[in-house]
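Tertiary structure, described
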Amino acid sequence: MEKNERVIQEYVPGKQITVAHVIAKADSELYQKMGIVQSGNEAVGILTITPSEASIIAVDIATKAAEIEIGFVDRFSGAVVIIGDVSSVKIALENILDTMASLLDFTVVPLSST
């Protein structure tokens, strides 16, 4: 008789940023798929944050750190998308990572880019 194994996965909440990425020059189709009106040659910054409500704090940090626009923020999934020129998006994301780690004791990933 073959034994069946059962795997139980649990969501363990923690204070973390699991994705922090800059897309330096996104394809125009990507903007369309995200529902963002492209007004120029903007970069896209992407974050995934747990707990998801902290996405609101992250966007506040970003808008105070650099001249960016909020593309999308979802306080239920923790997804954040910001747009702007490459240097502004990078500065905003770096400020989010630094502030969330130092002020709120979040675990963060290194900023990546393509």
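Residues numbered from 1 in each chain as written. Predicted model: local features only at pLDDT ≥ 70, side-chain atom pairs only at ≥ 80, totals over all residues. Heavy atoms only, no water.

1. Some words on the environment of Leu30
Within the fold, Leu30 resides in helix H1 (residues 28–34). Once the C-alpha coordinates of Leu30 and Val44 are considered, the two residues, 14 residues apart in sequence, prove to be 9.8 Å apart. (Helix = DSSP H or I, 4+ residues; strand = E, 2+ residues; numbered from the N terminus.)

2. Concerning the packing of helix H2 (residues 54–65) against helix H3 (residues 86–104)
In a packed pair of helices, the relevant descriptors are the angle between the two axes and the axis-to-axis distance. It is the contact of H2 with H3, at a shortest axis distance of 8 Å, that shows an interaxial angle of 125°. As summarised for this structure, H2 and H3 are arranged oblique, according to the angle between their axes. Handedness of the H2/H3 crossing: right-handed. Facing H2, whose interface residues are Ala54, Ile57, Ala58, Ile61, Ala62 and Ala65, H3 presents Ile91, Ala92, Asn95, Ile96, Thr99, Met100 and Leu104. Across the contact of H2 with H3, the residue classes break down as 11 nonpolar, two polar and no charged. (Axes fitted to C-alpha atoms, helices over the stretch in contact; angles between N-to-C directions. Parallel < 35°, antiparallel > 145°, perpendicular 65-115°, else oblique. Left-handed = near helix turned anticlockwise from the far one by under 90°. Contact = heavy atoms within 4.5 Å. Nonpolar A, V, L, I, M, F, W, Y, C, P; charged D, E, K, R; others polar.)

3. Side note on the pairing of strand S2 (residues 43–50)
Taken across its eight residues, S2 has six buried, putting it largely inside the fold. The pairing of S2 with strand S4 (residues 79–84) spans six bridges and is antiparallel. For Gly45, the partnering residue across the bridge sits in S4 and is Ile82. (Buried < 20%, exposed > 50% of the residue type's maximum accessible area, 1.4 Å probe, protein only. Pairing = 2+ DSSP bridges.)

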